[in-house]
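Descriptive analysis of the structure
What follows is the residue order along each chain.
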Amino acid sequence: MLPENIELQIVTPERHVLAETVQTVEVPGKEGYLGVLPGHAPLITELGIGILSYRKESETRYLTVILGYAEVLPDRVIVLAEAAERAEEIDVERARRAREQAQAEMAKVSAGSPEWLRAEQALQRAAVRLEAAAKAGTAGREAVHAAS
Amino acid sequence: MPTLLDYRRRIRSVKSTQQITRAMKFVSAAKLRRAQEGVFAARPYAHEILRVLRSAAARVESTTHPLLERRPEERILVVVLTGDRSLAGAFNSNVIRRATAFLRENSSKKAQLIAVGKKGRNSLKRAGWSFAAEYINVSANVDFATAKEIAGTIAELYAKREVDAVYAVYNEFKNVLVQVLKTHKLLPIDPAVLTEDGAEKAREGQRSGEESLPHDRTPRGEFLVDYIYEEPVEEIFSGLVPRYLESEVFRILLESAAAEWAARMAAMDSATRNASELIEQLTLQMNKVRQAKITTELIEIVSGAASATS
């Protein structure tokens, strides 16, 4: 019999971010988003920088996930991320500043250099944070516009 | 012979020192609690990474990875973890002594050092060592980014074959009163870690409990699960090995920080106690002097009165 729910666990080295019983999960795989329903075949994938969303009852929630791995089992999803934040926790102001800083940094150094790559990653992080915050509706319209 | 006033001054100064040590004790206790929470919070991740790594290791044809490669040990890298400040009892000097002894034992090999913590860096620098890298102000607030950076540095040196083995010398947090000095081999990664049997052996060193996720329903012998791998399993495996190293480095940083705050708390506790004792002694002596003074005055008055009446 197929399980009806998924036990979603999100852990980072610094904390246990989330443990919830949910109906569907979408994880940001390295090569694209991956939707998971209960009863999914066991799977392991690498994660990129992106937004993880899950549906619990009729509510959809969002988290940012930054690099790591996800293990999918028929009744469980374990996300091992380097960093993860719930959309509600995101400091929009800070993310916005980080984005500007990263953009300025990228403009200064030559493309492809280690500094540039680091700045690009920082930019990506800031962008997903803003996007997640926007999706969760904690940011104003401006952020929505800027993140897209 | 010190006068009454001298004693009063001494006591006042000891009291103010005691206030400082007491405050530092409370600060250390708070920091210790945070460090301990960090140690606990890091366990589920470390546990899960290891589990996924093992199941990937069981699927790859051959578990080869630059970080697993064994070479004759000719050049070693030693990561020395100390605190940034003193007043932590023997915490820093123990690590430095152990590191120095370890380097002496291995004096036939070429050694490089990485210093984590100002104290270790300064005293080893004075002893004439130079560092491949140094990290300071880590223990006050250990974050994963630092662990990642350190792990990245040592992995790079190892993969470039600049060193043949990496050791960490650090204090492990046993409990509030006891820190255990450890010399731990970080690289090459022990292949036993990749199998369940070896894991049991490796886990003996760690404390049991609270390692796995709450409501963990992982069936033992997870190996049998036939995973689909989104990316080639070799790729997942070689990606996981450095993650494992990162989580090991992070664990060591956290352990060392917890041990440091525990040592500091104990040191400040005994300093506060010593100050109380000193105050008691000084008060006793002060009272003696005061009594002697009163007695002398009385004798003077009595003998004065006696001479006046006679």
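From a predicted model like this one, the values you see are computed outputs, not experimental measurements. (Residues numbered from 1 in each chain as written. Chains lettered and ligands numbered in written order. Predicted model: local features only at pLDDT ≥ 70, side-chain atom pairs only at ≥ 80, totals over all residues.)

Below, the discussion takes up the environment of M106(A). All names here are of chain A. Along the polypeptide, M106 turns up in helix 1 (residues 92-108). Classification of M106 as partly exposed rests on a count of 19 C-beta atoms within 10 Å. Taking C-alpha positions, M106 is 9.0 Å from L123, a pair spaced 17 residues apart along the chain. (Helix = DSSP H or I, 4+ residues; strand = E, 2+ residues; numbered from the N terminus. Buried ≥ 20, exposed ≤ 12 C-beta atoms within 10 Å, placed from the backbone.)

What follows deals with the interface of chain B and chain A. Between chain B and chain A, the contact holds 21 residues from the first and 22 residues from the second. Among the elements of the structure, helix 1 (4-59), strand 6 (228-229) and helix 6 (233-309) of chain B are those that each provide at least two residues to the side of chain B that touches chain A. Counting residues per element, the side of chain B that touches chain A draws most heavily on helix 1 of chain B, which supplies seven residues. Residues belonging to the side of chain B that touches chain A are distributed by class as follows: 15 nonpolar, two polar and four charged. The pairing of strand 5 (residues 43-56) of chain A with strand 6 of chain B spans two bridges and is classified as parallel. Within strand 6 of chain B, the position partnered with L43(A) by the bridge is I228(B). (Contact = placed C-beta atoms within 7 Å. Nonpolar A, V, L, I, M, F, W, Y, C, P; charged D, E, K, R; others polar. Pairing = 2+ DSSP bridges.)

Before going further, it helps to spend a moment on the pairing of strand 7 (residues 76-86) of chain A. Residues and elements named next belong to chain A. Burial within strand 7 is extensive, with nine of its eleven residues counted as buried. Where strand 6 (residues 59-73) lies against strand 7, ten bridges are found, and the strand directions are antiparallel. When the bridges of strand 7 are listed, L73 appears paired with R76. Hairpin connection of strand 6 to strand 7: two residues between the antiparallel strands.

So, on to the packing of helix 1 of chain B against helix 6 of chain B. Residue and element names in this part refer to chain B. The contact between helix 1 and helix 6 brings their axes to 5 Å, and the two run at 165 degrees. Relative to helix 6, the element helix 1 lies roughly antiparallel. The two elements helix 1 and helix 6 meet at a crossing, and its hand is left-handed. (Axes fitted to C-alpha atoms, helices over the stretch in contact; angles between N-to-C directions. Parallel < 35°, antiparallel > 145°, perpendicular 65-115°, else oblique. Left-handed = near helix turned anticlockwise from the far one by under 90°.)

We now examine the domain arrangement of chain A. All names here are of chain A. Domain boundaries in chain A define domain 1 (6-87) and domain 2 (91-147). Taken together, the contact pairs eight residues of domain 1 with ten residues of domain 2. Of all the secondary-structure elements, those providing two or more residues to the side of domain 1 that touches domain 2 are strand 5 and strand 6. For the side of domain 1 that touches domain 2, the leading source of residues is strand 6, giving four residues. Looking at side-chain class alone, the side of domain 1 that touches domain 2 contains six nonpolar, two polar and no charged residues. (Domains from an automatic or database assignment.)

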